[in-house]
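Here is what each chain is made of, one letter per residue.
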Amino acid sequence: MSNLPELSPDAETPAGKYYGRSIPYLPLESYPGKLIAVEGTDGVGRSTQIQLLREWLEVKGYGVIETGWTRSPLMQPTIELAKSSNTLNKLTFVLLYATDFADRLEKEIIPALKAGFVVLTDRYIFTALARAGVRGVDRAWLRTLYGFAIAPHLVFYLKIDVDTLIGRVLESRGMDFWESGMDLKTGDDIYDSFRAYQNKLLREYGSMGEEFHFRVVDARRSVVQIQDELRRQVAAFLEPTGT
Amino acid sequence: MTFSLLHATDFADRLLYKIIPPLKAGMIVLADRYAYTAFARDATRGVDRQWVRELYSFAVKPDMALYFRVPIDVSLDRLMARRVKLKFYEAGMDLGWSTNPVESFRLFQGKVLDEYDRIVDEYGLSVVDAVGSITEQQRVVRNLVAHHIETVDAAREIPSEQSA
């Protein structure tokens, strides 16, 4: 309806601030908390890493809260319901996710940051941008939509190749309808669909790396190796003088 | 913010299932409230005006948009005459401006009306004076709609002249 300049976050967006148009009634001055996002595609090992990171941070004396995609009490049942039916359009999908995120941002993330917590987020807006981007939703519109998101202080991107990913997913819980992008209807074969869809997703994540300052972590390594690297980087950020 | 996105999600669903298909089939779609309601309501609740407008940029621009303008007192009288209690969100009680529903309604809807005035200019809505009788309003609306449809039909009848 209107022609606005694209509000994609520029390279100068300082961590901890709103990317684009803020939430006017929730101004962010200085706050003591830190926002750390762990991103990566389905089955890459995010939740394991977050759990380990949390224990380590808590032992060091930090207050930690976790939040994850589609976990808002308000929206989770609706999202599950919508996913279980065939009526979900990609645009509605995007907005459902955004609503869930807004609820968690207002009710969990911002209050926790103001109270001085380390907020570990399992997936962040980049998941939404990648999934919607793959489904052909306008990228500039998506970035404007998520302008109310806070730029994390650290974004770890757990990077994996599709072959390693397939092995891991099959060894654990198997391929799922949505993670295989079956809604894109590229074919009936879940394996082919999973491979094609995840390939596209990985490309989409890859293209966002510079724009959003991803710290790329090689997720093909062992859980312990990955965790060591995460801890090293988090420690360097939280305690820059060294301990 | 969440409130705004929840409504946008509902709107997207209706747009794709209830509005666009009949439009493609050549039908007239009458929408009771549209994105402009969100612009007014969300801005009043403190959401960034430009952000809401951008959020709804996926909406189809109506061929015609009517705004029934009425002073607060008239709308309050009408609501009170029919209902015992004002609805919580309609009265903007979530904003905590007043514990008295009527007072809260006055404050909240007053600001909503200010937002509408802004929108009328920005998007060129046709204003209908909604203080008058239903018959009178309907006469005005029918004239406006008839005029619009005739203009469209007239434009449709001369396609041969612009064939390249």
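Basis of the calculations
- Throughout, a residue's number is its position along its own chain's written sequence, starting from 1.
- Think of it this way: whatever chain is written first is A, whatever ligand is written first is 1, and the rest follow in order.
- Totals for whole chains, interfaces and linings use all residues, but because this is a predicted model, local features are given only for residues with pLDDT of at least 70 and pairs of side-chain atoms are given and counted only at 80 or more.
- Under the scheme used here, helices are H or I runs from DSSP no shorter than 4 residues and strands are E runs no shorter than 2 residues, and both carry numbers assigned from the N terminus.
- Burial is judged by counting the other C-beta atoms within 10 Å of a residue's own C-beta: 20 or more makes it buried, 12 or fewer makes it exposed, and any count in between marks it as partly exposed, with every C-beta position built from the backbone.
- In this description, a residue-residue contact is defined by the distance between C-beta atoms placed from the backbone, which must lie within 7 Å.
- Under the scheme applied, nonpolar residues are Ala, Val, Leu, Ile, Met, Phe, Trp, Tyr, Cys and Pro; charged residues are Asp, Glu, Lys and Arg; polar residues are all the others, including Gly.
- Values of pLDDT, ranging from 0 to 100, describe the predictor's confidence in every residue of the model.
- Fitted lines through C-alpha atoms serve as axes, helices being fitted only where they are in contact, and the angles separating the N-to-C directions of these axes extend from 0 to 180 degrees.
- Here the word oblique covers every angle except those under 35 degrees (roughly parallel), over 145 (roughly antiparallel) and from 65 to 115 (roughly perpendicular).
- Two helices cross in a left-handed way if the nearer one is turned anticlockwise from the farther one by less than a right angle. They cross in a right-handed way if the turn is clockwise.
- Pairs of strands are assigned from DSSP output, requiring at least two bridges between the strands.
- What a helix is expected to span follows from its residue count: subtract one and scale by 1.5 Å.
- Two axes enter the bend calculation: one fitted to the seven residues ending at the residue in question, the other to the seven starting there, and the bend is the angle between them.

(A) Inspection of the overall build of chain B at higher detail. The secondary structure content of chain B amounts to six helices and two strands. Its helices and strands taken in sequence order, chain B reads α-α-α-β-α-α-β-α from the N to the C terminus. Expressed as lengths along the three principal axes of its C-alpha atoms, the size of chain B is roughly 65 × 35 × 25 Å. Considering chain B as a whole, with its 164 residues, one finds that 24% of them fall into the buried category. Counted over contacts in chain B with a minimum sequence separation of 6, partners at least 24 positions apart contribute 64%.

(B) The arrangement of the overall build of chain A in detail. Looking only at helices and strands, one finds eight helices and five strands in chain A. With respect to the principal axes defined by its C-alpha atoms, chain A has extents near 55 × 50 × 35 Å. The 243 residues of chain A split such that 38% are buried. A sequence separation of at least 24 residues applies to 79% of the contacts in chain A between residues at least 6 apart.

(C) A look at the environment of Arg-220 of chain A. If you trace the backbone, Arg-220 of chain A turns up in the loop between strand E5 (215-218) and helix H8 (223-238). The contacts of Arg-220 of chain A, once residues within four sequence positions are left out, are Ile-160 and Thr-164 of chain A.

(D) Broad picture of the interface of chain B and chain A. Taken together, the contacts link 20 residues of chain B with 24 residues of chain A. Residue assignment for the side of chain B that touches chain A shows that the elements contributing at least two residues are helix H1 (2-24) and helix H3 (49-55) of chain B. Tallied by class, residues from the side of chain B that touches chain A come to 10 nonpolar, five polar and five charged.

(E) How the structure looks around the confidence of the model for chain A. Averaged over chain A, the pLDDT score is 88; the fraction of residues at 70 or greater is 92%. Every residue in residues 1-10 of chain A scores below 50 in pLDDT, and together they form 22 contacts with partners more than four places removed in sequence or on other chains.

(F) Seen up close, the packing of helix H4 (residues 125-134) of chain A against helix H7 (residues 190-208) of chain A. Residue and element names in this part refer to chain A. Contact geometry for H4 and H7: axes closest at 9 Å, N-to-C directions at 125°. Relative to H7, the element H4 lies oblique. Every pair of crossing elements has a handedness; the one defined by H4 and H7 is right-handed. For the pair H4 and H7, the contacting residues are Phe-126, Leu-129, Ala-130, Gly-133 and Val-134 in the first and Lys-200, Leu-201, Glu-204, Tyr-205 and Met-208 in the second.

(G) Geometry of the sheet that holds strand E4 (residues 154-159) of chain A. All names here are of chain A. Taken in spatial order, the five strands of this open sheet run E2-E3-E1-E4-E5, and their pairing is parallel. Only two strands of the sheet have a single neighbouring strand rather than two, namely strand E2 (64-68) and E5. The mean angle between the axes of side-by-side strands here comes to 20°, regardless of whether they run parallel or antiparallel. Running over the sheet, helix H3 (residues 90-114) touches strand E1 (34-39), E2 and strand E3 (118-122) and is turned about 160° from E2.

(H) Looking closely at H1 of chain B. Spanning 23 residues, H1 of chain B covers 31 Å between terminal C-alpha atoms, matching the ideal 33 Å at 1.5 Å per step. Roughly 45° is the biggest bend found in H1 of chain B, and it falls at Leu-15 of chain B. Three or more residues of H1 of chain B are buried, namely Ser-4, Leu-5, Leu-6, His-7, Ala-8, Thr-9, Phe-11, Ala-12 and Leu-15 of chain B. Among the structural elements, H3 of chain A together with helix H2 (35-44) and H3 of chain B are those in contact with the buried residues of H1 of chain B. Looking one or two residues past H1 of chain B, Gly-26 of chain B carries a phi angle of roughly 85°, positive in sign.

(I) Region of the structure containing the environment of Asp-103 of chain A. Along the chain, Asp-103 of chain A falls in helix H3. Look at Asp-103 of chain A and you get buried, because 21 C-beta atoms sit within 10 Å. Each C-alpha atom, one on Asp-103 of chain A and one on Leu-35 of chain A, is 16 Å from the other, the two residues being 68 residues apart in sequence. Once residues within four sequence positions are removed from consideration, Asp-103 of chain A is found in contact with Ser-72, Leu-74 and Met-75 of chain A together with Thr-2 of chain B.

(J) The arrangement of unusual backbone geometry in detail. Notably, His-213 of chain A is not glycine yet its phi reads approximately 55°, a positive angle. We classify His-213 of chain A as partly exposed; it has 17 C-beta atoms within 10 Å. Look at Arg-33 of chain B: it is not a glycine, yet its phi comes out positive at around 80°. Mapped onto the secondary structure, Arg-33 of chain B falls in the loop between H1 and H2. On the basis of neighbour counts, which here come to 10 C-beta atoms within 10 Å, the residue Arg-33 of chain B falls in the exposed class.

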